Structure formats: C-alpha cells, structure tokens
Amino acid sequence: MKIKCTISYDGTQFSGYQVQPNKRTVQSELEAVLSKIHKSPVKVYASGRTDASVHAVGQVVHFDTSLTIPFDRWKKALNAMLPDDISVTLTEEADEGFHARFSAKAKEYHYIIDRSEQPDIFKRNYRYHFPYKLDIHSMREACELLQGTHDFTSFCAAKSAVEDRVRTIHKIEIEEVDNELVFSFIGNGFLYNMVRILVGTLLDVGQGIIVPQEIPNIIDGKDRNLSGKTVPGHGLFLWKVYYDN
C-alpha cells in the first residue's frame, strides 16, 4: 500500500527537508519514525526539497508500506511519534502509480514580509523584516511581466546544476495585510532559490532600483547578476502542491 501524507513543518530548527549527514532534517525525522514503526528502513519521497529555515504548510510526501494499518490511522500514529515542529495534517491511500514529486502538476509558495518599523520578535522566524517604502503598483506591474513560460536562469542560484531552466509561472500576487506583504507564486516548478530571488527582485522594483520595463531584459539576459538579491529563507512557505485530483 502507498500512503500519501500532507505535512506541515516549522523549518527554523531544520537544515532543510532533504537528508544530510550529521544534520537535522525533515526527511530524516520522518524516516526515523517510519522505520521504527516498520522495524526496518523506510524511504520517504517528497514533492521537492526545501532549504534551511524554510517552512511548509502543505508539503506532500509518500511512502510504501506492507503493514495493515488503515490509511486514515497513519495520521494519528505518526503525529504521536514525530517532533513538535512536524505535523501530519492528512493521510490518504494513493494509487500505485502516484509519486509525490513526479505526479505534482504545480506548486504554490508564499513569502511574507513584515513592514513594521520595528520587527515583531514573535514572528522573526516566519517573516522577513523589510521596513522600507515600496511602490506596490510598480511591483504588481513587474509581476505581470514575470508570469508565463520563460527561461528563469536569471532567477536561479548560480551554483544550480539544473540545465533546463524553463518554467511556467501561472500566477504571482501581492497582498497587503496590515503591516505585512504576502507574495504568492503558483507555477509548474521552481528552480533553486527561484522564489527568493523573485521576491528580492520585486523588492528592488518597489524601491525604484529596477523599473518594471526592465524585467523582460532581465529574463532574456539569462544572467543571475541582473536580478535582485536572494531574500532570507525564513519568510518562505511551501503552501500547497497540486495534483490531477
């Protein structure tokens, strides 16, 4: 039986999702619990990895099991053994052909900025403090130009080994909520650090460092040096993974 799990986690104390030697990761915690339940090693597959300090509201993983535990009992069983900064929010039985990564059709990320004059210490691990004046209208104009299918090399970490950097962004929105800015991105896939670089570029637009009309040239230039800085990971949330159903 294949079990699909939707999980949330606070990325603050993790070195990212993916297993790394001698580091605490989300995958290693999940696999440790499942291996204990099965009394043998269990591999967990995710929709994608997240970096250190990045959070998830709707990460999706799957694993195969030979145990006869009903699929709806896995949520309670896992949450009883997982650490407090990981929560399983839904468990489902998946078709044999399902794969958390390869079956995914799109992902949604949110990035949240605290615009207060003084940062809220209780949100410091979940918001990027940026108390500077921003032209939201220009930023939204830039969002329109970033949407669509493009080679996003200019918005990918230079050290990425991925060769095909063409991705489709279906939607970018910026919502003002009290003293916060919430950026939401929905796309068929995202390159390494892509969302964080997009946000950094949009902040440059908001400050007048980049004008919206430069965005097509930045895309066409395929040069990381043309876009904005990479904003910190702690403001980023993997919000939702979309599948056919």
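The structure contained in this document is the topic of the report that follows. Here the structure is a predicted model, which is why all the values come from computation and not from measurement.

Notes on the packing of helix 1 (residues 26-38) against helix 2 (residues 74-81)
Two numbers describe a pair of packed helices, the interaxial angle and the distance between the axes. Closest axis-to-axis distance for the helix 1/helix 2 pair is 10 Å, and the angle between their directions is 115°. If you check the angle between helix 1 and helix 2, you find them roughly perpendicular. Relative to helix 2, helix 1 is oriented so that their crossing is right-handed. Touching V33, L34, K36, I37 and H38 of helix 1 are W74, L78 and M81, all from helix 2. Here the contact of helix 1 with helix 2 is composed, by residue class, of six nonpolar, one polar and one charged.

Here's the deal with empty space enclosed by the protein
Inspection of the entire model under this criterion finds one cavity of 30 Å³ or more. Quantified by volume, the largest cavity comes out at close to 50 Å³. Every residue lining the largest cavity is listed: C5, I7, L30, L34, V44, V61, F63, L78 and V88. Those elements that place two or more of their residues in the lining of the largest cavity are strand 1 (2-9), helix 1 and strand 3 (55-64). Of the residues belonging to the lining of the largest cavity, the class tally is nine nonpolar, no polar and no charged.

A look at the environment of Q27
Relative to the helices and strands, Q27 is located in helix 1. Each C-alpha atom, one on Q27 and one on Y45, is 8.4 Å from the other, the two residues being 18 residues apart in sequence. Once residues lying within four places of it in the same chain are set aside, the contact partners of Q27 are Y17, Q18, V19, K43 and V44. A polar atom in the side chain of Q27 sits 3.3 Å from the backbone oxygen of V44.

Definitions and cut-offs
- Each residue is numbered by its place in its chain's sequence as written, counting from 1.
- Restriction of local features to residues with pLDDT of at least 70 applies here, the model being predicted, together with a cutoff of 80 or more for giving and counting side-chain atom pairs; totals for whole chains, interfaces and linings are based on all residues.
- Excluded from the side-chain calculations are hydrogens and water; all other atoms, namely the structure's heavy atoms, are used.
- Axis angles are defined between N-to-C directions and span 0 to 180 degrees, where every axis is a line fitted to C-alpha atoms and, for a helix, only to the segment in contact.
- Numbering goes from the N terminus for both helices and strands, where a helix is a DSSP run of H or I of at least four residues and a strand is a run of E of at least two.
- We call two directions roughly parallel when the angle between them is under 35 degrees, roughly antiparallel when it is over 145, roughly perpendicular when it lies between 65 and 115, and oblique otherwise.
- Throughout, a crossing is termed right-handed when the near helix is turned clockwise from the far one, and left-handed when it is turned anticlockwise from it by less than a right angle.
- Whether two residues are in contact is decided by their heavy atoms: any pair within 4.5 Å suffices.
- Gly is put with the polar residues, along with every residue not named as nonpolar or charged; the nonpolar set is Ala, Val, Leu, Ile, Met, Phe, Trp, Tyr, Cys and Pro, and the charged set is Asp, Glu, Lys and Arg.
- Only protein atoms enter the 1 Å grid used here, on which a cavity is any set of points holding a 1.4 Å probe that cannot leave and a pocket is any open set flanked by protein within 12 Å on both sides along at least five of seven lines; residues with an atom within 4 Å of a point are listed as lining.
- Grid points are joined across faces, edges and corners, and a volume is the space filled by probe spheres set on the points.
- Identification of polar contacts relies on pairs of N or O atoms within 3.5 Å, with a donor-acceptor requirement for protein atoms, meaning one able to donate a hydrogen and the other able to accept it, and with residues adjacent in sequence counted only if both atoms are side-chain atoms.

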